[in-house]
Amino acid sequence: MNALEHFSVEQQDRIKQAVHHAEVCTSGEIRVYIEDKCKTDVLDRAAFIFAELLMHTTAERNGVLIYLALSDKKFAIIGDVGIHQKVGDDFWNTIKENMTMHFKQSHFTEGLVYGIIESGKSLQHYFPRAHNDNDELPNDLVFGK
Ligand code: CA
Ligand code: CA
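Residues numbered from 1 in each chain as written. Chains lettered and ligands numbered in written order. Predicted model: local features only at pLDDT ≥ 70, side-chain atom pairs only at ≥ 80, totals over all residues. Heavy atoms only, no water.

1. Observations concerning the packing of helix α3 (residues 81-104) against helix α4 (residues 108-126)
For clarity, the cut-off: To get an axis, fit a line to the C-alpha atoms, keeping to the stretch in contact for a helix; angles then go from 0 to 180 degrees between the N-to-C directions. Counting from the N terminus, the helices are the DSSP runs of H or I reaching at least four residues and the strands are the DSSP runs of E reaching at least two. For classification, angles of less than 35 degrees are called roughly parallel, those exceeding 145 degrees roughly antiparallel, those between 65 and 115 degrees roughly perpendicular, and all remaining angles oblique. Take the far helix as the reference: if the near one is turned anticlockwise from it by less than a right angle, the crossing is left-handed, and if turned clockwise, right-handed. Should any heavy atoms of two residues lie within 4.5 Å, those residues are considered in contact. As a working rule, the residues Ala, Val, Leu, Ile, Met, Phe, Trp, Tyr, Cys and Pro are called nonpolar, Asp, Glu, Lys and Arg charged, and the rest polar, with Gly in that last group.
Viewed as axis vectors pointing N to C, α3 and α4 meet at an angle of 160 degrees, and their least axial separation amounts to 9 Å. By the angle class used here, α3 and α4 are roughly antiparallel. Both α3 and α4 take part in a crossing whose hand is right-handed. Judged by residue contacts, I83, K86, V87, F91, W92, I95, N98, M99, H102 and F103 of α3 engage F108, E110, G111, L112, Y114, G115, E118, S119, S122, L123 and Y126 from α4. In terms of residue class, the contact of α3 with α4 is made up of 12 nonpolar, 6 polar and 3 charged.

Okay, structure coming up:
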């Protein structure tokens, strides 16, 4: 089954809106990538996707990627150097623990929205949005093939 088929249009829209709302108060950029299987180490795969989506190109290096492989039940949340040096590993681990609780109940949309909101809070704190902010990376979900 393709990962896309697990999410209704309404659920996809909720996730996209969560990214939009999180970015209203920060220059940081959040993206969500979902695919069915992850055949390699999940962090390696997330880093590969991060680069493929050009997420390292933000001016303040504050992109955050939430990566999920549905069938293989693997996910990762990684931040670029700008945000990572502010928050460190504990921050991501706490978010991941809470996302895992949602995912274990197959509440994928809720888990993703939670991760987006929590990442957004930290980005808003460290990287407040300037009045001339651009949306450097699109807010829509990306589905792997
Ligand atoms: Ca922005
Ligand atoms: Ca964006």
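2. Some thoughts on the packing of helix α1 (residues 9-23) against α4
As a packed pair, α1 and α4 sit with axes 9 Å apart at the nearest point and diverge in direction by 5 degrees. Judged by the inter-axis angle, α1 sits roughly parallel to α4. Of the residues in α4, those touching α1 at Q11, R14, I15, A18, V19, H21 and A22 are T109, E110, L112, V113, I116, G120 and Q124. Class assignment for the residues of the contact of α1 with α4 results in 7 nonpolar, 5 polar and 2 charged.

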